[in-house]
Amino acid sequence: MAVSSCSCPPRVFNAYSSFECRSDPDFSGAPIGDKPRVGSTRRVKASSFFTGGGIGGGGLSSLIFRFPPNFVRQLSVKARRNCSNIGVAQIVAASWSNGPASGSPSSEAAAAQAAAAAFPVADEVAVVDNGSVQIGDLDNSKTSFLSSDGSITVHAGERLGRGIVTDAITTPVVNTSAYFFKKTQELIDFKEKRHKSFEYGRYGNPTTVVVEEKISALEGAESTLIMTSGMCASTVMLMALVPAGGHIVTTTDCYRKTRIFIETILPKIGISATVIDPADVDGLEAALNKNKVSLFFTESPTNPFLRCVDIEKVSKLCHSKGALVCIDGTFATPLNQKALALGADLVLHSATKFIGGHNDVLAGCISGSEKLITEIRTLHHILGGTLNPNAAYLIIRGMKTLHLRVQQQNSTALRMAKVLEAHPRVRRVYYPGLPSHPEHELAKQQMTGFGGVVSFEVDGDLMATSKFVDALKIPYIAPSFGGCESIVDQPAIMSYWDLSQAERHKYGIEDNLVRFSFGVEDFEDLKADILQALETI
């Protein structure tokens, strides 16, 4: 989480006031301007509190707690810590009475004990003189009861507590550029790490934290940092973890802008690179032996030929030489491949693609150990690239259907790859789910699905390929992938048009190459569309 570390006093909840959206709510009911100060606080055991003891005067003896069903989980430790300064929501317990008070101590005690059993709380509860209650630390069991990635994408970061205490099913969007401090002493406490706050919008946001925790749960990571784009995540990661004068190893097949950054920007700060084939483990070992390598950074599967790297093997090799491993798993998604479980130190995604999944938001994320993510986060706070909370909400919304979309996209892509491979007007198909793929056996070992993108070469030149693309009726011609809508592009034109044909050839980009990202449309519709378009060349 992107907050400074230290303990935060629990939030006070008033059983009598209506919903308040002020930072300093009026618990007394007195008119504003002549509000009395809250009285002294004393500590009592929860057991005595629920049985009517520990509160003088019998002021609460005829009342029992009636909390909303999700009250306990919403008051998780993390939720209360994060919401201390957001100034967004103050949740109030529901009405105490269960009808007219009976006045019978025995019935009241029984009802209170039943409430205590139904809603377990911590050992201690702080009680203030006017009847307000501070809930102590509550247990948060994380996502242990969620057995599948599908459930995690829906509920992680939200179902068991989030930084915004609310009974809303969906996570609220916190639009704020800064977070205030009630008094100077609170600011001093924050500076001396006795109080938690994001302090400034560039350093964190409660809505954004939900995205980070959701992705962490899906990746099995200690921490996740989300930024404004996949390229932002890549560049900040490289600058944070590779020292000036350092050396990295990367692969030939990769996103072009990543290659440009490595080849033209990193050398300006003295960082050099060795480029190897994705399957060249011997080349990696030679680079590790020859140079003091800080990081091996590659995609798996790669863009656009969907080559696969043996993540477990390269991780063991790099770690033996003191180098880190970062895998860009954008094409795989966290559902099809668990790079961290295979041994990688970091896994990166362009969340713009499958994770967001609706072609409506830009974002990038990187997950790994708390130590490494903290190093990257520190530089991120300096450079910026902070994700807007509205964009964070779109990622949260998109992830709730991630497993459904990826299942459909996996299925359609595999079936269509087989159709394309058998078609006389297609020369070659690149898809790890096909036995003809050079890393097919490896893909079967480290992936549970082969992804929703298929690259292939049609039987024709640049213009014939363009004719095929133009004849398609369903997909959009666009430079992205992973969304609900199918997208097609001709890399020679879309990504490499500024290079000559000979220069494109060096990267394996032929004029007849097509990259097709399958959306969630019906398979038969997509098949019919592609087949009719192939007939035009």
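Residues numbered from 1 in each chain as written. Predicted model: local features only at pLDDT ≥ 70, side-chain atom pairs only at ≥ 80, totals over all residues. Heavy atoms only, no water.

S.K.: Describe the nonpolar core, listing the residues and the values that go with them.
M.R.: In terms of nonpolar packing, the biggest core is built from 57 residues, with L420, V429, Y431, V454, F456, F468 and I530 touching the most fellow members. Element by element, the count of residues in this core is highest for helix α15 (residues 402-421), at six residues. Non-local contacts of V454, meaning those with residues more than four positions away in its chain, are made with L306, A413, A417, L420, V429, Y430, Y431, V514, R515, F516 and F518. (Core = buried A, V, L, I, M, F, W, Y, C linked by side-chain atoms within 4.5 Å. Buried < 20%, exposed > 50% of the residue type's maximum accessible area, 1.4 Å probe, protein only. Helix = DSSP H or I, 4+ residues; strand = E, 2+ residues; numbered from the N terminus. Contact = heavy atoms within 4.5 Å.)

S.K.: Summarise the sheet that holds strand β8 (residues 293-299); cite the residues concerned and give the values.
M.R.: A sheet is described by the order of its strands in space; here seven strands give the open sequence β5-β11-β10-β9-β8-β6-β7, paired in mixed fashion. If you trace the sheet from one side to the other, it starts and ends with β5 (223-227) and β7 (272-276), each paired once. Strand-to-strand, the axes of this sheet are offset by a mean angle of 20 degrees, without reference to chain direction. When strand β10 (residues 346-350) meets strand β11 (residues 364-368), the two strands line up antiparallel, connected through five bridges. Bridging from a neighbouring strand, V347 pairs with S367 of β11. In the packing of helix α7 (residues 206-219) onto the sheet, contacts are made with β5, β10 and β11, and the angle to β5 comes to roughly 130 degrees. (Pairing = 2+ DSSP bridges. Axes fitted to C-alpha atoms, helices over the stretch in contact; angles between N-to-C directions.)

S.K.: Lay out the sheet that holds strand β14 (residues 476-477) with the relevant residues and their values.
M.R.: Backbone hydrogen bonds hold the strands of a sheet together, and the pairing may be parallel or antiparallel. The strand order across the open sheet built from five strands is β12-β13-β16-β15-β14, with neighbouring strands paired in mixed fashion. With one partner strand each, in any of the chains shown, β12 (426-430) and β14 form the two edges of the open sheet. Judged from the five bridges that link them, strand β13 (residues 453-458) and strand β16 (residues 513-517) form a sheet pairing that is antiparallel. What sits directly across from F456, in β16, is V514. Sheet strands in contact with α15 are β12 and β13, and its direction is about 10 degrees off that of β13.

S.K.: Can you break down the pairing of strand β6 (residues 247-251) residue by residue, with the values?
M.R.: Extensive coverage of β6 is indicated by the burial of five of its five residues. Side-chain alternation along β6 places H247, V249 and T251 on one buried face and I248 and T250 on a second face that is also buried. Pairing geometry for β6 and β7, over five bridges, is parallel. Each bridged residue has a counterpart across the sheet, and for T250 the counterpart in β7 is V275. Handedness of the β-α-β unit built from β6, helix α9 (residues 256-265) and β7 comes out right-handed. Sheet topology note: the β6/β8 ladder contains three bridges and is parallel. Along β8, the bridge assignment pairs V249 with F296. (Right-handed = clockwise from strand over helix to strand, strands pointing away.)

So yeah, pure geometry; function would need other evidence.
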